Amino acid sequence: MFVIFTVICKMVFSIIRILKNIKDDLLDIISPKVCLSCGKHIKSETEDLICSECLADLSRVDFYKNDENVITELLDNQDCRIEYGCAFLRFQKGENTQQILHNIKYYNHPELGLKLGRIAGYQLKRYNRFSDVDFIIPVPMHPKKQKKRGFNQAERIAVGLSEILKIPIREGILEKVINTKSQTKMDKKQRLNNSRQAFGFAKNIETQDIENKHFLIVDDVFTTGSTMRVCASLLKKHLPNCKVSIFALAKA
Ligand SMILES: [Zn+2]
């Protein structure tokens, strides 16, 4: 009796597997999945969003491997004491990272931000970075912009990190109060002035449970550091005993 039951179960599982393969093949024909980096067709059963080649070829800075790196140094030199700062990828025009970040931000692929947040999370965990952080804060987006885009890419990356590092996300402490234009064409000084006016510490929030905490601010791209600097300074001004660390998915 048991043998017959086992044989039937095996047959049912085989049929389910065959049907799933047929479904995947049909989906591939109806709406073929393409790699969001190189545009080539990807295999649905083994690859997700980015092909294995592009994933292996991602241009990385891997700053999390070093205690000292340009991100930590840059903010320290700007009188904004942070515990630790690092980035995962190297953002360079014409490289696959530009394609990937543009796909997340401008071509409506928040799921790619989540995926890369998870991948970065595994690396950070491996090197024991941010293990004493209490809360992750994604760099906020202005509500109007978020409504238009449908998501905040920094928040998607933060969710991926949060899942792997097991650190909760805490939004609503910092706010984007001015819907600023893109900073891509601004110089360092203009970016800093722009960011200073654009962000604020939320009014009327209870601070008892966030005093003396260690925050990790997360953004998609670190260029001159002005956004991170302003966000870190706001936290330190309003929560004087807090610690701040920073992470950017890519360093430009
Ligand atoms: Zn690819």
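Preceding block: the structure.
Everything quoted here is computed from the prediction, not taken from an experiment. (Residues numbered from 1 in each chain as written. Predicted model: local features only at pLDDT ≥ 70, side-chain atom pairs only at ≥ 80, totals over all residues.)

**Concerning the overall build of the protein**
This is how the line gets drawn: In this description a helix means any DSSP run of H or I spanning at least four residues, a strand means any run of E spanning at least two, and both kinds are numbered starting from the N terminus. Three exposure classes are used, based on other C-beta atoms lying within 10 Å of a residue's own C-beta, which is placed from the backbone: buried for 20 or more, exposed for 12 or fewer, and partly exposed in between.
Looking only at helices and strands, one finds nine helices and six strands in the protein. Counting only C-alpha atoms and orienting by the principal axes, one finds that the protein spans roughly 70 × 45 × 35 Å. With 252 residues in all, the protein has 35% of them scored as buried.

**Topic: helix H4 (residues 96–105)**
What counts is decided by this rule: Arc definition: directions from the helix axis to the C-beta atoms.
Looking at H4, one finds that the buried residues are Asn 96, Thr 97, Ile 100, Leu 101 and Ile 104. One face of H4 carries all of its buried residues, which in axial projection span an arc of 130°.

**Thoughts on unusual backbone geometry**
Its identity as a non-glycine residue notwithstanding, Asp 62 has a phi of 50°, on the positive side. Here Asp 62 is to be found in the loop between helix H2 (52–57) and helix H3 (70–77). Despite not being glycine, Asn 212 has its phi angle at roughly 60°, a positive value. Within the secondary structure layout, Asn 212 lies in the loop between strand E4 (199–201) and strand E5 (214–222).

**Here's the deal with the pairing of E5**
Applied cut-off: Strands are treated as partners if at least two bridges between them are detected by DSSP. Handedness of a crossover: with both strands directed away from the viewer, a clockwise path from the first strand across the helix to the second marks it as right-handed.
Taking burial as the measure, the nine residues of E5 include eight buried ones, the bulk of the element. With eight bridges joining them, E5 and strand E6 (residues 243–251) adopt parallel strand pairing. Bridging from a neighbouring strand, Val 221 pairs with Ala 250 of E6. With helix H9 (residues 226–238) bridging E5 and the parallel E6, this β-α-β connection has right-handed handedness.

**Details of the packing of helix H8 (residues 188–198) against H9**
What counts, and what does not: The axes are straight lines fitted to the C-alpha atoms, using for helices just the contacting stretch, and the angles between their N-to-C directions are given from 0 to 180°. Take the far helix as the reference: if the near one is turned anticlockwise from it by less than a right angle, the crossing is left-handed, and if turned clockwise, right-handed. With C-beta atoms placed from the backbone, a contact is any residue pair whose C-beta atoms sit within 7 Å. Residues are grouped as follows: Ala, Val, Leu, Ile, Met, Phe, Trp, Tyr, Cys and Pro are nonpolar; Asp, Glu, Lys and Arg are charged; all remaining types, including Gly, are polar.
Taken N-terminus to C-terminus, the directions of H8 and H9 make an angle of 35°; their axes are 8 Å apart at the nearest point. At the point where H8 passes H9, the crossing takes the right-handed sense. Here H8 contributes Arg 191, Leu 192, Ser 195 and Arg 196 to the contact with H9, which in turn contributes Ser 226, Thr 227 and Val 230. In terms of residue class, the contact of H8 with H9 is made up of two nonpolar, three polar and two charged.

**Considerations on the nonpolar core**
Here is the rule we go by: Note on definitions: a nonpolar core is a set of buried residues drawn from Ala, Val, Leu, Ile, Met, Phe, Trp, Tyr and Cys, linked by C-beta atoms within 7 Å.
Ranked by size, the top nonpolar core spans 57 residues in total, and within it Ala 87, Leu 216, Ile 217, Val 218 and Cys 231 carry the most contacts. Leave out the neighbours within four places in its chain, and Leu 216 touches Phe 130, Val 133, Ile 136, Ile 137, Ile 167, Ser 245 and Phe 247.

**Remarks on the pairing of strand E1 (residues 85–90)**
On a regular strand, each side chain points to the face opposite its neighbour's, so the side chains alternate between the two faces of the sheet. Where burial is concerned, most of E1 is hidden: five out of the six residues are buried. For E1 and E6, the ladder comprises five bridges, and the chain directions are parallel. If you follow Leu 89 over to E6, its bridge partner there is Ala 250.

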